[in-house]
Amino acid sequence: MSLETIRLSQPARDQLIRLKRVTGIKHWNVLCRWALAYSLQEASVPLVRDITTDSNVEMSWKTFTGQYGDIYLALLKERCLRDGEEPTDEAISRTLTIHLHRGIGYMAGRKDLHTIQDLVMSAAG
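Remember, it's a predicted structure, so these values are computed and weren't measured experimentally.

### Re the overall build of the protein chain
No. 1: Summing up its helical and strand segments, the protein chain has six helices and two strands in all.
No. 2: Along the protein chain, from the amino end to the carboxyl end, the secondary structure elements read β-α-α-β-α-α-α-α.
No. 3: In terms of overall dimensions, the protein chain has C-alpha extents of about 40 × 35 × 30 Å along its principal axes.
No. 4: Taken over 125 residues, the protein chain has a buried fraction of 38%.
No. 5: When contacts within the protein chain are restricted to residue pairs at least 6 apart in sequence, long-range pairs at least 24 apart make up 77% of them.
No. 6: Surface exposure of the protein chain reaches about 7100 Å², of which carbon and sulfur atoms provide 53%.

Listed below in structure tokens is the structure:
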């Protein structure tokens, strides 16, 4: 596993396609940043540990994080420590994958998410 390339599962890809359509957000990486933040704010560890990243959606770490790569890396390391794991490269990559997928699932499951404004309001409240 590596942080160089982030890959998504087919179900996550399908959920992101729907989220792109309903929110009007055009780029995978923007939705994925929101999804990661949604999951990281949850105190529990994601139940799913093994995710098959079998879709054709992939992005580089630089595309995913933009200019905030150091911040996202620090958040992932902190989460590893909070969950009782040593923040090795493999643990960080696994943490990213499971939290990214859980966050996408959370966002896709929201019935009140129809616009970018709804996304912002859900984060504020």
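That was the structure; now back to the text.
### Re the environment of aspartate 54
No. 1: Tracing the chain through its elements places aspartate 54 in the loop between α2 (28-40) and β2 (58-60).
No. 2: A relative accessible area of 46% places aspartate 54 in the partly exposed class.
No. 3: With 47 residues separating them along the chain, aspartate 54 and arginine 7 place their C-alpha atoms 7.7 Å apart.

### Topic: the packing of α2 against helix α4 (residues 69-82)
No. 1: Axis separation between α2 and α4 bottoms out at 12 Å; the angle between their running directions is 30 degrees. Considered as vectors, α2 and α4 are oriented roughly parallel to each other. Every pair of crossing elements has a handedness; the one defined by α2 and α4 is left-handed. Contacts between α2 and α4 involve Arg33, Leu36, Ser39 and Leu40 from the first element and Tyr72, Leu75, Leu76, Arg79 and Arg82 from the second.
No. 2: Looking at the contact of α2 with α4, its residues break down into five nonpolar, one polar and three charged.

### Remarks on the packing of α2 against helix α5 (residues 89-109)
No. 1: The N-to-C vectors of α2 and α5 enclose an angle of 100 degrees; their axes lie 7 Å apart at closest approach. Here α2 is positioned roughly perpendicular relative to α5, judged by the angle of their axes. The residues of α5 that touch α2, namely those facing Leu31, Cys32, Trp34, Ala35, Leu36, Tyr38, Ser39 and Leu40, are Leu96, His99, Leu100, Arg102, Gly103, Ile104, Tyr106 and Met107.
No. 2: Tallied by class, residues from the contact of α2 with α5 come to twelve nonpolar, three polar and one charged.

### Digging into the packing of aromatic side chains
No. 1: Summed over all chains, the structure comprises two aromatic pairs.
No. 2: Ring centres of phenylalanine 64 and tyrosine 72 lie 5.6 Å apart, and the angle between their planes is 50 degrees; this geometry places the pair in the tilted category.
No. 3: An aromatic cluster is built from Trp61, Phe64 and Tyr72, whose rings are joined through pairwise contacts.
No. 4: Here lysine 20 stacks its cationic end above the ring of tryptophan 28, 4.3 Å away from the centre of that ring.

### Section: a nonpolar patch on the surface
No. 1: A cluster of nonpolar side chains, namely Tyr68, Ile71 and Leu75, defines an oily patch on the protein surface of about 290 Å² accessible area.
No. 2: Within the secondary structure, leucine 75 is located in helix α4.

### So, the environment of asparagine 29
No. 1: Within the secondary structure, asparagine 29 is located in helix α2.
No. 2: For the pair formed by asparagine 29 and serine 60, sequence separation is 31 residues and the distance between their alpha carbons is 9.5 Å.
No. 3: If we skip the residues at most four places from it in the chain, asparagine 29 touches Met59, Thr63 and Phe64.
No. 4: Reaching out from asparagine 29, the side chain makes a polar contact with the backbone oxygen of threonine 63 at a distance of 2.9 Å.

Thresholds, definitions, all that
- Residues numbered from 1 in each chain as written.
- Predicted model: local features only at pLDDT ≥ 70, side-chain atom pairs only at ≥ 80, totals over all residues.
- Heavy atoms only, no water.
- Helix = DSSP H or I, 4+ residues; strand = E, 2+ residues; numbered from the N terminus.
- Buried < 20%, exposed > 50% of the residue type's maximum accessible area, 1.4 Å probe, protein only.
- Contact = heavy atoms within 4.5 Å.
- Areas by Shrake-Rupley, 256 points an atom, 1.4 Å probe, with all protein chains shown as cover.
- Axes fitted to C-alpha atoms, helices over the stretch in contact; angles between N-to-C directions.
- Parallel < 35°, antiparallel > 145°, perpendicular 65-115°, else oblique.
- Left-handed = near helix turned anticlockwise from the far one by under 90°.
- Nonpolar A, V, L, I, M, F, W, Y, C, P; charged D, E, K, R; others polar.
- Phe/Tyr/Trp six-rings, centres within 6.5 Å; stacked < 30°, edge-to-face > 60°.
- Lys NZ or Arg CZ within 6 Å of the ring centre and 35° of its normal.
- Patch = residues over 30% accessible without salt bridge, like charges linked within 9 Å, V, L, I, M, F, W, Y side chains within 5 Å.
- Salt bridge = Lys/Arg side-chain N within 4 Å of Asp/Glu carboxyl O.
- Polar contact = N/O pair within 3.5 Å; in protein donor to acceptor, adjacent residues only side chain to side chain.

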